[in-house]
Amino acid sequence: MDAFKHIAGGQWYVPNVSGSKSNTVWTQNPTGGEMIVADCSSKATPLATQRANAQLITFAPEMFLILEDIAQRGFDDQAQDNVKHLMRRMRHA
């Protein structure tokens, strides 16, 4: 069974706004508008941590594709480049 076959399509993002929307991961709904992927709000977690968790989740689809590629082809030069590129993007998120 493909556990990830139901992943919401499109790029995942956290809006660059303040308030509860900055703790929520969104994507474009294929039929129009936006839809929530994950809500990282929690009264037990500091706001900065909620935002960091939401940012990390936005990278999940890309991480999955990179891991899937490594599993199929091995950790070749292209895979190493993909991992380095992702790490640079994550550091600057």
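This section reports on the structure supplied with the text. Values in this document were obtained by computation on a predicted structure and should not be read as measured data.

### A few points about the nonpolar core
And then number 1: Listed in full, the 7 residues of the largest apolar core are A8, W12, V14, V25, A38, C40 and A54.
And then number 2: Residue contacts for C40: discarding those within four places in its chain leaves N23, Q50, N53, A54 and I57.

### Considering helix α1 (residues 47-58)
And then number 1: The end-to-end C-alpha separation of α1 is 17 Å, in line with the 16 Å expected for 12 residues at 1.5 Å each.
And then number 2: Against β1 (24-28) and α2 (60-73) lie the buried residues of α1.

### Section: the environment of Q28
And then number 1: By secondary structure assignment, the location of Q28 is in strand β1.
And then number 2: Residue classification places Q28 among the partly exposed residues on the basis of a relative accessible area of 43%.
And then number 3: Sequence separation between Q28 and L67 is 39 residues; the distance between their C-alpha atoms is 24 Å.
And then number 4: Side-chain polar atoms of Q28 contact the side chain of Y13, separated by 3.1 Å.

### A few points about the pairing of strand β2 (residues 34-39)
And then number 1: Inspection of the sheet shows β1 paired to β2 by 5 bridges, in the antiparallel sense. Paired with W26 across the strands is I36, a residue of β2.
And then number 2: Between the end of β1 and the start of β2, which pair antiparallel, lie 5 residues, with G32 showing a positive phi angle near 115°.

Cut-offs used in this document
Residues numbered from 1 in each chain as written. Predicted model: local features only at pLDDT ≥ 70, side-chain atom pairs only at ≥ 80, totals over all residues. Heavy atoms only, no water. Core = buried A, V, L, I, M, F, W, Y, C linked by side-chain atoms within 4.5 Å. Buried < 20%, exposed > 50% of the residue type's maximum accessible area, 1.4 Å probe, protein only. Contact = heavy atoms within 4.5 Å. Helix = DSSP H or I, 4+ residues; strand = E, 2+ residues; numbered from the N terminus. Expected span 1.5 Å × (residues − 1). Polar contact = N/O pair within 3.5 Å; in protein donor to acceptor, adjacent residues only side chain to side chain. Pairing = 2+ DSSP bridges.

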